[in-house]
Amino acid sequence: MKAIRLLKSFNFLYFGLLAIFIPFLPVYLADQGLRPAQIGFIIGTGGFVTLITQPLWGMISDKTRTIRKVLLLLIFFSSVIGYFLYDSSSYLQLILFAMLLYFFLMPIDPLTESLNFTMAEKSGISYGSIRTYGALGYAVISLITGYVMSYFGANSLAFLFAGIGLISFIVSWMMPDAPVSGKPVTLSSLKHFFSNKETLLFLLLVFICAVPARMNDTFLGVYIRELGGSAKLVGLTWFLAAGSEIVVFALSFWWLRKGKEIIIISFAAAFFFIRYFVSAWITDPQLLAYLQVMQLLTFPIFYSAAIQYLYRIVPVEWRATGQTVLALLFFGVSGIIASYIGGAIYGAYGGKTLYLFISSISFIGMVFALVLYRIYGTRLDTAEEAV
């Protein structure tokens, strides 16, 4: 179907933009002479902006009953602002354009994920078959960004970002519109959503596991550069990490079983711990880059299982609210904590201490996931067997 092909292309391009923004913004800021604490301040403050802008644009999309027109607006402004961000060098300009890019670029993620699920269900295909192209775009553009930054300089990212943004705009213009089916996020809906104990405990688990993941996303590139790695190596690092996700998302229809989500999340949390603990003891930047293939056992497994579990425990009419809250937790609240605290630890004690710290949080997340499985997982398993 033409609509699915266009959506796959948009996933490729949008997550390519995220690849230039999320892992390479800290590297770009470091190249401009900013200290880890200053980098943490910008990324953390961007998390506050994300907290506001994701539900805001979600409600605008719900109110106008369209995703396509909202995406067009967000992509246009993101492309323009991204150009100015990567063409800036002064601290105040970097703060201004980074905040504006957080405002316009980050809300596209939950809208895109919602569109992916909706179109997948409507077409009778798996969510992973669409989301795979997002992982592919993140991987390919990460590799390209590293080479572009190395050969043409840090400011060349301005042209790369604007160019991919322009193509994304054209693709989204060609996509058919998809009206929003969920109810808008309101204070009353959030109150009802947060009244469920199981939902609250699950969201706490997501938060615990998200904080170390976001710390790694923010400071991995900076740490590789500190160990003597080049921008090309940073690009290769994220190519390996995102590229490893492709197989996992593509085969999600096979390994992602209903009723098994919490034990799957426990599995991913265990490998989060191993990955970060090993990272703390590596001093060779190339070995640290190659270690990132462990991404295939962590983020895609964790996030896919988390979304499916959330959809299982909340009523259909609250799914839109749940999707927004999940995105806010993983990319907003956790990003704030990760950037501020991570920047302070990195600046004061170095990268090794930072990775020991985030590995300990991942270990806590693994234990907490096993506790939740003991409480809720066995009940869900029994219910599935009864069916």
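Starting afresh in each chain, residues are numbered from 1 along the sequence in its written order. Whole-chain, interface and lining totals are the exception, using all residues; otherwise, since this is a predicted model, local features are given only for residues with pLDDT of at least 70 and side-chain atom pairs are given and counted only at 80 or more. Here the side-chain values reflect all heavy atoms present in the structure, with hydrogen atoms and water set aside.

**A few points about the overall build of the protein chain**
Rules: Labels follow the DSSP assignment, with helices taken as runs of H or I lasting at least four residues and strands as runs of E lasting at least two, numbered in each case from the N terminus. With the radius of gyration taken over C-alpha atoms, the globule rule is written as 2.2 Å times the number of residues to the power 0.38. With a 1.4 Å probe rolled over the protein chains alone, any residue whose accessible area is under 20% of its type maximum counts as buried; one over 50% counts as exposed, and the rest are partly exposed. In this analysis, two residues are considered to be in contact whenever any of their non-hydrogen atoms come within 4.5 Å of each other. Working definition of accessibility: Shrake-Rupley area with a 1.4 Å probe, residue cover restricted to the visible protein chains. Within this scheme the basic residues Lys and Arg register as positive and the acidic residues Asp and Glu register as negative, but His and the chain ends are omitted. A single reference atom marks each charge: NZ on Lys, CZ on Arg, CG on Asp, CD on Glu.
From N to C terminus, the protein chain includes 17 helices and zero strands. Relative to its length of 387 residues, the protein chain is compact, with a C-alpha radius of gyration of 20 Å against a globular reference of 21 Å. Buried residues in the protein chain amount to 59% of all 387 residues. Intrachain contacts of the protein chain at a sequence separation of at least 6 include 85% that bridge at least 24 residues. Of the roughly 15500 Å² that the protein chain leaves accessible, carbon and sulfur atoms contribute 70%. In the protein chain, which carries 25 positive and 17 negative side-chain charges, the distance between the mean positions of the two groups comes to 4 Å.

**With respect to the packing of helix α10 (residues 197-226) against helix α15 (residues 299-313)**
Our working rule: An axis is simply a line fitted to the C-alpha atoms; with a helix, the fit covers only the stretch in contact. Between two such axes, the angle follows the N-to-C directions and lies from 0 to 180 degrees. Working definition: roughly parallel below 35 degrees, roughly antiparallel above 145 degrees, roughly perpendicular at 65 to 115 degrees, and oblique for all remaining angles. Here a crossing is taken to be left-handed if its near helix is turned anticlockwise relative to the far helix by less than a right angle, and right-handed if that turn runs clockwise.
The geometry of α10 relative to α15 is characterised by a closest axis approach of 11 Å and an angle of 170 degrees between their N-to-C directions. The orientation of α10 with respect to α15, classified from their angle, is roughly antiparallel. For α10 against α15, the interelement crossing comes out left-handed. Between α10, through E198, T199, F202, V206 and C209, and α15, the contact on the second element is made entirely by F302, A306, Y309, L310 and I313.

**Section: the nonpolar core**
We count it as follows: What is meant by a nonpolar core is a set of buried Ala, Val, Leu, Ile, Met, Phe, Trp, Tyr and Cys residues, joined one to another through side-chain atoms within 4.5 Å.
One finds F21, L85, Y86, L105, F202 and F330 to be the most contacted residues of the largest nonpolar core, which totals 132 residues. A per-element tally of this core places α10 first, with 15 residues. If near-sequence neighbours (up to four positions away) are discounted, Y86 is found in contact with I20, F21, F24, L25, Y28, A154, N155, L157, A158 and F161.

**Looking at the side chain of S252**
Formally: Within 3.5 Å is the distance limit for a polar contact, defined as a pair of N or O atoms, with the added protein rule that one can donate a hydrogen and the other accept it, and that residues adjacent in sequence qualify only through two side-chain atoms.
Looking at the secondary structure, you find S252 in helix α12 (residues 252-255). Under the relative-accessibility criterion, S252 is labelled buried at 8%. In this structure the side chain of S252 is engaged in a polar contact, spanning 3.0 Å, whose partner is the backbone oxygen of F249.

**A word on α10**
Worth spelling out the cut-off: The span you would expect from a helix comes to 1.5 Å times its residue count less one. Bend is the name given here to the angle between axes fitted to two runs of seven residues, the run ending at a residue and the run starting at it.
Compared with the 44 Å implied by 1.5 Å per residue over 30 residues, the 44 Å span of α10 between its first and last C-alpha is a close match. Of all bends in α10, the biggest is about 45 degrees, found at F219. In terms of burial, α10 is a largely internal element, 23 of the 30 residues being buried. Phi for G228, located one or two positions after α10, is positive at around 110 degrees.

**Side note on the layout of surface pockets**
If a probe the size of a water molecule is rolled over the atoms, the empty space left behind becomes visible. This is how it is decided: Here a cavity is any set of points on a 1 Å grid over the protein atoms alone where a 1.4 Å probe fits but cannot get out, and a pocket is any open set with protein on both sides within 12 Å along at least 5 of 7 lines; a residue lines the site when it has an atom within 4 Å of a point. Grid points are joined across faces, edges and corners, and a volume is the space filled by probe spheres set on the points. Each residue is assigned to one of three groups, with Ala, Val, Leu, Ile, Met, Phe, Trp, Tyr, Cys and Pro labelled nonpolar, Asp, Glu, Lys and Arg labelled charged, and all others, Gly among them, labelled polar.
Of the voids in this model, the second largest pocket is the one considered here, and its volume is about 460 Å³. Every residue lining the second largest pocket is counted, 17 residues in all, and those nearest its centre are F117, E121, L256, K258 and Q308. Secondary-structure elements contributing two or more residues to the lining of the second largest pocket are α6 (108-123), α7 (127-152), α12 and α15. Ranked by the residues each element gives to the lining of the second largest pocket, the list is headed by α15, at five residues. Grouping the constituent residues of the lining of the second largest pocket by class yields eight nonpolar, five polar and four charged.

**Points about the environment of G153**
Inspection of the secondary structure assignment puts G153 in the loop between α7 and α8 (157-174). Distance in space between the C-alpha atoms of G153 and I337 is 31 Å, their sequence separation being 184 residues.

**As for empty space enclosed by the protein**
Taken as a whole and assessed by the stated rule, the structure comprises three cavities of 30 Å³ or more. If you go around the largest cavity, you meet 24 residues; those closest to its centre are Y138, D217, E245, Q295 and F299. Elements represented by at least two residues in the lining of the largest cavity include exactly α1 (2-21), α6, α7, α10, α11 (231-250), α13 (261-281) and α16 (319-349).

**Some thoughts on helix α2 (residues 24-31)**
In terms of residue burial, α2 counts as a mostly covered element, since six of its eight residues are buried. Listed in full, the buried residues belonging to α2 are F24, L25, P26, V27, Y28 and L29. Note on α2: the residue one or two positions beyond its end, G33, has a positive phi of about 95 degrees.

**Regarding the packing of aromatic side chains**
Applicable threshold: Two rings from Phe, Tyr or Trp (for Trp, the six-membered ring) form a pair when their centres are within 6.5 Å of each other. A pair whose planes differ by under 30 degrees is stacked, one over 60 is edge-to-face, and the rest are tilted. Criterion for a charge above a ring: Lys NZ or Arg CZ within 6 Å of the ring centre, and within 35 degrees of the ring normal.
The final tally for this structure, using the stated rule, is 34 aromatic pairs. Plain terms: the ring middles of F277 and W281 are 6.2 Å apart, the flat faces sit at 65 degrees to each other, and that makes the pair edge-to-face. Pair noted here: F277 and W281 are both in helix α13, with a separation of four residues, about one helical turn. Among the residues examined, F277 registers a relative accessible area of 37% and is labelled partly exposed. For W281, a relative accessible area of 49% corresponds to the partly exposed category. Through a chain of ring-to-ring contacts, three or more aromatic side chains come together here, namely F219, Y223, F272, Y276, F299, F302, Y303, F330, Y346 and Y355. Over the aromatic face of W173 sits the side chain of R68, whose NZ or CZ is 5.6 Å from the ring centroid. One cation-aromatic arrangement involves R131 over F15; the distance from NZ or CZ to the ring centre is 4.0 Å.

**Some remarks on the environment of S362**
Structurally, S362 can be placed in helix α17 (residues 351-386). Along the backbone, S362 and V211 are 151 residues apart, and their C-alpha atoms lie at a distance of 8.6 Å. Each residue touching S362, except ones within four places of it in the same chain, is listed here: P212, A269, F272, F273 and Y276.

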